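Here's the letter readout for the chains.
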Amino acid sequence: MDMEAMTNTVKAWKENPVKFARTHGVNYSLTSDGTDPEKEVHLLIVEGFLIYNDKLLKDLFDHRFFLAVPYEESKRRRSSRTYTVPDPPGLFDGHCWPMYLKHRKEMEETVSDIEYLDGLKSRDELFTCVYEKIQNTFLNCS
């Protein structure tokens, strides 16, 4: 993973989201109601399993959500995936889960404003929760 490249990409987007989008092939024009895209609200969602462990990247986010899934469900989901090269026996218990616990502990020790989401909830419930929190942020800024 190239965390430096990810950090630079997020910084570039934050500096000017419309310019960033244009340089990446998204053509903006006036919106249907005639609003200039420069004056619109722009939202960037960054997803990754170690994004809060990176010293430079973690400070670039306005909101930090963490999808927490218990051991049994995590193991069930991992075992239900199909990989080109299958996981060797014992990989989840011997490596994946212990590394998850290590990195989660590190994250919790260095980042204080994470909002934990219950990974057992439906996608719709999770979306609604995050959407409402972000919407409230914008409403409280007006």
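Every value quoted in this text rests on a predicted model; they were computed, and no experiment measured them.

**Concerning the overall build of the protein chain**
Phase 1: Counting its secondary structure elements, the protein chain contains five helices and two strands.
Phase 2: Its helices and strands in sequence order give the protein chain the pattern α-α-β-α-α-β-α, from N to C terminus.
Phase 3: Here the C-alpha radius of gyration of the protein chain, 19 Å, is well above what a compact globule of 142 residues would show, namely 14 Å.
Phase 4: With the C-alpha coordinates aligned to their principal axes, the bounding extent of the protein chain is approximately 55 × 30 × 30 Å.
Phase 5: Taken over 142 residues, the protein chain has a buried fraction of 25%.
Phase 6: Restricting to contacts in the protein chain with at least 6 residues of sequence separation, those with at least 24 account for 61%.
Phase 7: Surface accessibility of the protein chain: about 10600 Å² in total, with carbon and sulfur atoms responsible for 54%.
Phase 8: With 19 positive and 24 negative side-chain charges, the protein chain shows a separation of 3 Å between the mean positions of the two kinds.

**Here's the deal with the packing of aromatic side chains**
Phase 1: For the structure on display, the rule yields eight aromatic pairs.
Phase 2: An angle of 85° between the planes, with centres 5.9 Å apart, marks the rings of Tyr52 and Phe61 as edge-to-face.
Phase 3: Residue classification places Tyr52 among the buried residues on the basis of a relative accessible area of 7%.
Phase 4: Overall, the relative accessible area of 12% leaves Phe61 in the buried class.
Phase 5: With centroids separated by 4.7 Å and ring planes inclined at 35°, the aromatic side chains of Trp97 and Tyr100 adopt a geometry described as tilted. Of this pair, Trp97 and Tyr100 are both found in helix H4 (residues 91–110), three residues apart, which corresponds to roughly one turn of the helix.
Phase 6: The buried category is assigned to Trp97, whose relative accessible area is 15%.
Phase 7: The rings of Phe66, Tyr71, Phe92, Trp97, Tyr100 and Tyr116 are connected pair by pair, giving a single aromatic cluster.

**Re the nonpolar core**
Phase 1: Met3, Val10, Ile51, Tyr52, Leu57, Leu60, Phe61, Phe66, Ala68, Met107, Val111 and Ile114 together form the largest nonpolar core, which totals twelve residues.
Phase 2: Secondary-structure elements contributing two or more residues to this core are helix H1 (3–15) and strand S1 (64–68).

Criteria and cut-off values
- For every chain, the first residue of the written sequence is number 1, and numbering continues from 1 onward in sequence order.
- Side-chain atom pairs in this predicted model are given and counted only at pLDDT of 80 or more, local residue features only at pLDDT of at least 70, and totals for whole chains, interfaces and linings cover all residues.
- Each side-chain value is derived from all of the structure's non-hydrogen atoms; neither hydrogens nor water enter the calculation.
- In this description a helix means any DSSP run of H or I spanning at least four residues, a strand means any run of E spanning at least two, and both kinds are numbered starting from the N terminus.
- C-alpha atoms define the radius of gyration, and 2.2 Å times the number of residues to the power 0.38 defines the globule rule.
- Buried residues are those whose accessible area, probed at 1.4 Å on protein chains only, stays under 20% of the maximum for their type, while exposed residues exceed 50% and partly exposed ones sit between those limits.
- Contacts are assigned to residue pairs with any non-hydrogen atoms lying within 4.5 Å of each other.
- Accessible surface is estimated by sampling points in the Shrake-Rupley manner with a 1.4 Å probe; for residues, cover comes only from the protein chains shown.
- Counted as positive: Lys and Arg. Counted as negative: Asp and Glu. His and the chain ends are not counted at all.
- For charged residues, the charge sits on one atom: NZ in Lys, CZ in Arg, CG in Asp, CD in Glu.
- Centres within 6.5 Å are what make two rings of Phe, Tyr or Trp a pair, Trp counting through its six-membered ring; a difference in plane orientation under 30 degrees is then read as stacked, over 60 as edge-to-face, and the rest as tilted.
- Put simply, a nonpolar core is a bunch of buried Ala, Val, Leu, Ile, Met, Phe, Trp, Tyr and Cys residues held in one set by side-chain atoms that sit within 4.5 Å of each other.

These results come straight from atomic positions and should not be treated as a statement about function.
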